[in-house]
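# Examining the three-dimensional arrangement
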Amino acid sequence: MTASRLFELLIALLYLAGSITYPLGLLLRQSILKRLAIGMSVAAFALHSADLVLRFIELGTANLYHGQFYLNFLAWIFVLIFFVLWWRLKHDFLSMISAPLALILFSSSLAIRTQVLAVPKYFSALWFSLHVGAIFVSLALLAMAFGAGLAYLYFERKIKTKAKLPGFSQDLPSLETFDRANDWATRIGFPLYTISLLAGFLWASFTWKQAISWDPKELISIVIWFIFALLFHQRLALGWRGRKPAKTAIVLFVLSLISLVGVNFLLPTHHSFR
Amino acid sequence: MNQEIYLIGLNHKIAGVDIRERYALTSCDPQAINEVVRLDGVNEAMVLSTCNRVEFLVVANRQPDIPQQIRKFWAKLCNQPQKDLLDHTYSHENSQAVTHLFTVASSLDSMIVGEPQILGQLKTAYRQSLESGTAKVIINRMLHKAFSVAKRIRTETAIASSAVSISYAAVELARKIFTDLSNHRALLVGAGEMAELAATHLLTSGVRDLTVVNRTLTRANELAKQFGGRALPFEDLHQALLETDIVITSTGSPTAIITAKSMKEVLRKRRNKPIFFIDIAVPRDIDPDVNSLDNIYLYDIDDLKDVVEENLAGRQQEALKAKAIVDEEVTTFMRWRESLALQPTIVDLLGQGESIARRELRRSIRQLGPDPDPQMVAVLERLARSLSHKIYHEPINYLKRRAQEEGAAQHCIHTTRRIFNLDSDHIPVDAHWNRKK
C-alpha cells in the first residue's frame, strides 16, 4: 500500500512541478523551461495511466464505488484532452490550465481515498460509463475553453485599446487560436454533454423508474445544458466568435465547477461522492 | 615590435550627411581601399563603408601618427580635403577600438538600434579583406569574435524582437490576431507610398493574396499587377470587405469611407470573421467607432506610431544589457591579445606539459598497486617531468628564433597556440569548411 502511495505522490509532484514550471518559462521567456514542463506533464500522464491500469487490475469494477476514482479519472481526462488540443492547435499554452487542474483533482482524489460511494445496485455498465465518460470529456473541453477564454479576453482588450502587449505574448498564440479552442469545446463538448445527460436520465429511468429526481446536481446540469445549447446554436448558426463565446465558456466552466465541488461533495444526493 | 589596434571612422552621430556622402567609400574599388595596408607600419586592415558609416580598422606597429596617416590616405581616396576628417572622425585604440567594433557589429551604434543589416555589411567587408589578404591573425580573431558577440546579443537580449517601422508593426499586430497569415487575404484601398510598403510587408510575411480597390481603376490595375493581385472598382468595396481580413486604407477622401453602420452589416455577412483595419490615411478613411465593434481591430497611423515608439524605447532598455555583454567579451578578447606574446606562450606551453605529466604520473602510480615502492615512484616522476620538458624544448626554441624576425612572430605564436590549443577554445567540427586552399 505504501508503494502505491509513493507512486501516487510522485504523480502529484510531477503535476505540481509542471504547473509551476510552465508559467515560469512563459514569464521568463525560456522555452527550455516550457519544454521541461510539458515533459513533466507527459511523464505524469504516463505514470497516471499506469496507476489507473493497476487500480483496475487490483479492484476491478469495485473502483466505481470509490468517489476518489472519479476524480482520479477526471484528472487523467483533463490531461488527455490537453494533449489532443496541443496536437490540433499546434501550441502548448493550454498546459497553463491542464496541469494545475489535473494537480487539484488528482490530489483531492488522494485526500478522500477512504470514502465509499453508494452506487445503485442495478447498475448498467453501458449507460453508466456513457454518462460519466461523456461528461468528463465535455468538462475537460470546457476547462480548456475556460483557459483559452481568459487569455482571449485579456489579449483582445490589450489589442483593442492599443495597449502595450507584454513581452511573453510573443510566445503565445494569436486570438484566432484561442477562439479555436472555444470552437472545439462547443462543437464537441456540447454533443457529449447532451449524450451524458440523456444517458443519465435513461439509466435513472431503468434504475429508479423515474428519469429525474430533482436533485441539485440534475437541476444545475440542466441550467448548464441550456447555456451550452445557446452557445452551440449561436456559434454554429449565427457565427458567434471572440468575446461572447469566450465569456460564455467561462461561465459554463465556473458553473460546472460549482456543480462538481458543491454538489458532489457538500450536498447529500445520489450524485454525492461521499 | 609591439602591435596595436587602431580604429578610425565616422558615423551618423559625428558627421552630417554632407560629410558622409563626400567621404563615403561605397563606390571605391575594394582593392584600392585595402591598399591602406601598404602604409608604413600597418600589418592588417579592414574597411567598412555603409551609408551611415565608414570605419578603418587596422593593426599596426606602435607609432603615434597612424590615425593621421589613415586620414590622409582616406582623403586622397575620396579626392577631398583632409581637414574635415579631423573634426568629424573618431579614433580609438586597442580595447576601445575593439569595444567600438563589437558595438557596431551588434547594431548598438546603428541609427535604428537593433536593425540587422549592419552585420551583413560587416561580413562583406571582412570577406573583402580576407580576399585581398589584409586580414590576418588579429583581425580574423576580432571579427569572428564580433560576429559571435552580435549573435549572443541577439539571442540573449530582446534588442531586435519588436517592430520599429510602421509597416512591420502592422504585420506584427496581424500575427497577434490571425494564426496563419497564409489563410488570410489582404485588401488595399487607395494607393500611396506608405500603403504600398505595408502591402509589400504583408505579402512577404505570407498573406495569401492582395486585392486593390481604387477610385481610378487604371491605377488599381497597375498596383494589382505589381503585387500579383486583382483589382476591383471602387463600387465593389463592400464586396471586397466580405472576402478579405486585413485591410489597409489610404485614400484621399475627406470623409470616412467605412462607417460603423456599414461594418455591422459586413460583419453579419462575414459571420463575425475578424477584420484588421490599418488606416494610414490623413484625414482618416475609417470611422473610429468601427473599433468598438467586436471582432474588428482598427489601428490608425498614430496608433501604429505609438507602437513603434514604445518598441524603440524598449530597445534602448535592452541596449544597456547588450553593452554589458560587449564589455565582457572585450575583456576576453583583450586577454587573448595579451597572451599573443612570446613569454606567456612559453609559460602556457610548459604549464600544459607539466599538467599532462602530472596526470599521467598519477594514473601510472595507481597501477602500481596500493603500496608502491617510493624509489619506483621517484623514478617515474623524474621520467614524466623530463619527458614533458624535452618534448616542448624544440618548439620553444623555434618560437624564440622566429620571434626575432619582423612580422613572423605573431603568426608563429598564433599557430603554436592553435596547435596545442592553449586557449582551450571549443572547436566545432565544421570550423574550417569555408577555408581557401
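Residues numbered from 1 in each chain as written. Chains lettered and ligands numbered in written order. Predicted model: local features only at pLDDT ≥ 70, side-chain atom pairs only at ≥ 80, totals over all residues.

## Remarks on the overall build of chain B
Rule in force here: Under the scheme used here, helices are H or I runs from DSSP no shorter than 4 residues and strands are E runs no shorter than 2 residues, and both carry numbers assigned from the N terminus. Once C-beta atoms are placed from the backbone, each residue is buried if 20 or more other C-beta atoms lie within 10 Å of its own, exposed if 12 or fewer, and partly exposed for counts between those two. Whether two residues are in contact is decided by their C-beta atoms, placed from the backbone, lying within 7 Å.
When helices and strands are counted, chain B shows 16 helices and ten strands. Every one of the 437 residues in chain B was classed for burial, and the buried ones make up 37%. In chain B, 70% of the contacts between residues at least 6 apart in sequence involve partners at least 24 apart.

## Some points on the overall build of chain A
Secondary structure assignment for chain A yields eight helices and zero strands. The linear arrangement of helices and strands in chain A, starting from the amino end, is α-α-α-α-α-α-α-α. In chain A, which comprises 274 residues, the proportion classed as buried is 40%. Within chain A, counting contacts between residues at least 6 apart in sequence, those at least 24 apart form 79% of the total.

## Considerations on the nonpolar core
Residue and element names in this part refer to chain A. Rules: Joining buried Ala, Val, Leu, Ile, Met, Phe, Trp, Tyr and Cys residues through C-beta atoms within 7 Å gives a set, and that set is a nonpolar core.
Core analysis: the largest hydrophobic core is formed by 115 residues, its most contacted members being Phe78 and Met144. Among the elements that take part in this core, helix 5 (residues 125-160) stands out by supplying 16 residues, more than any other. If sequence neighbours within four positions are ignored, Phe78 has contacts with Ser98, Leu101, Ala102, Leu105, Ala140 and Ala143.

## Some points on the sheet that holds strand 1 (residues 3-11) of chain B
Consider a sheet: its strands pair through backbone hydrogen bonds, and that pairing is either parallel or antiparallel. Residue and element names in this part refer to chain B. Counted only if it meets this: Strand pairing follows a simple DSSP-based rule, namely that at least 2 bridges must link the two strands. Axes here refer to lines fitted to C-alpha atoms; in helices the fit is confined to the stretch in contact. Angles between the N-to-C directions go from 0 to 180 degrees.
Taken in spatial order, the four strands of this open sheet run 2-3-1-4, and their pairing is antiparallel. The open sheet is flanked by strand 2 (42-49) and strand 4 (90-93), the only strands paired with a single partner. Taken over all neighbouring pairs, the strand axes of this sheet differ in orientation by 15 degrees on average, direction set aside. Of the pairings in the sheet, the one linking strand 2 to strand 3 (residues 53-61) comprises seven bridges and is antiparallel in character. Its bridge partner being in strand 3, Met46 is matched across the sheet by Leu57.

## Focus on the interface of chain B and chain A
Basically, it comes down to this: Residue classes follow a fixed rule: Ala, Val, Leu, Ile, Met, Phe, Trp, Tyr, Cys and Pro count as nonpolar, while Asp, Glu, Lys and Arg count as charged, and any other residue, Gly among them, counts as polar.
Taken together, the 18 residues of chain B in the interface contact 17 residues of chain A. Of all the secondary structure elements, the ones that give two or more residues to the side of chain B that touches chain A are helix 8 (166-177), strand 10 (296-300) and helix 13 (301-339) of chain B. Looking at the side of chain B that touches chain A residue by residue, the classes come out as six nonpolar, five polar and seven charged.

## Considerations on the sheet that holds strand 8 (residues 246-249) of chain B
Residues and elements named next belong to chain B. Here six strands make up an open sheet; going across it, the order is 7-6-5-8-9-10 and the pairing parallel. Looking at which strands have only one partner, the edges of the open sheet turn out to be strand 7 (230-233) and strand 10. Ignoring which end each strand starts from, the neighbouring axes of this sheet average 20 degrees apart. The pairing of strand 6 (residues 210-214) with strand 7 spans four bridges and is parallel. Residue pairing across strands places Asn214 opposite Pro233, the latter belonging to strand 7.

## Remarks on the environment of Ile70(B)
Residues and elements named next belong to chain B. Residue placement: Ile70 occurs in helix 3 (residues 66-78). Between the C-alpha atoms of Ile70 and Leu39, which are 31 residues apart in sequence, the distance is 8.2 Å. Ignoring sequence-local partners within four residues, the contact set of Ile70 consists of Ile8, Val36, Phe56 and Val58.

## Observations regarding the packing of helix 5 (residues 94-105) of chain B against helix 7 (residues 137-156) of chain B
Residues and elements named next belong to chain B. Let me state the cut-off plainly: Any angle between 65 and 115 degrees counts as roughly perpendicular, while under 35 counts as roughly parallel, over 145 as roughly antiparallel, and the rest as oblique. Two helices cross in a left-handed way if the nearer one is turned anticlockwise from the farther one by less than a right angle. They cross in a right-handed way if the turn is clockwise.
Interhelical geometry of helix 5 versus helix 7 gives an angle of 45 degrees and a closest axis separation of 8 Å. Judged by the inter-axis angle, helix 5 sits oblique to helix 7. Note that helix 5 runs across helix 7; the crossing there is right-handed. Here Val98, Leu101, Phe102 and Ala105 of helix 5 come into contact with helix 7, specifically with Met142, Ala146, Phe147, Val149 and Ala150. Within the contact of helix 5 with helix 7, the residues separate by chemical class into nine nonpolar, no polar and no charged.

## Side note on unusual backbone geometry
Of note in the backbone geometry, Lys162(A) takes a positive phi value of approximately 60 degrees without being a glycine. Looking at the secondary structure, you find Lys162(A) in the loop between helix 5 and helix 6 (175-207). In this structure, Asn421(B) takes a positive phi of about 45 degrees despite not being glycine.

## Topic: helix 6 of chain A
Given 3.6 residues per helical turn, the α-helix brings residues three or four places apart onto the same face. The test is simple: Expected helix span is computed as 1.5 Å times (number of residues minus one).
Helix length check: helix 6 of chain A (33 residues) gives 46 Å between terminal C-alpha atoms against 48 Å at 1.5 Å per residue, within 8%. Just downstream of helix 6 of chain A, Lys209(A) is the residue with a positive phi angle, here 60 degrees.

## Focus on the environment of Ile5(B)
Residue and element names in this part refer to chain B. Among the structural elements, Ile5 can be located in strand 1. A C-alpha to C-alpha distance of 6.7 Å links Ile5 and Ala97, two positions 92 residues apart in sequence. What Ile5 contacts, discounting residues up to four positions off in sequence, is Val59, Glu93, Asn94, Ala97, Val98 and Ile138.

## Looking at the confidence of the model for chain B
All names here are of chain B. What counts here: For every residue, the predictor assigns a confidence score, pLDDT, that lies between 0 and 100.
Model confidence for chain B is summarised by a mean pLDDT of 86, while 97% of its residues fall at 70 or above. When the elements of chain B are averaged for pLDDT, helix 2 (residues 30-33) gives the smallest value, 77, and helix 5 the largest, 93. Interface confidence for the predicted complex, given as ipTM, is 0.81, next to a pTM of 0.70.

## Looking at the pairing of strand 3 of chain B
All names here are of chain B. Here strand 3 lies mainly inside the structure; eight of its nine residues are buried. Strand direction decides the pairing type here: strand 1 and strand 3, joined by nine bridges, are antiparallel. Its bridge partner being in strand 3, Gly9 is matched across the sheet by Glu55. Between strand 2 and the antiparallel strand that follows it, strand 3, lie three residues.

## Digging into the environment of Val79(A)
Residue and element names in this part refer to chain A. Inspection of the secondary structure assignment puts Val79 in helix 3 (residues 67-89). Sequence separation between Val79 and Ala102 is 23 residues; the distance between their C-alpha atoms is 6.7 Å. Every residue in contact with Val79, bar those within four places of it in the chain, is listed here: Ser41, Phe45, Ser98 and Ala102.

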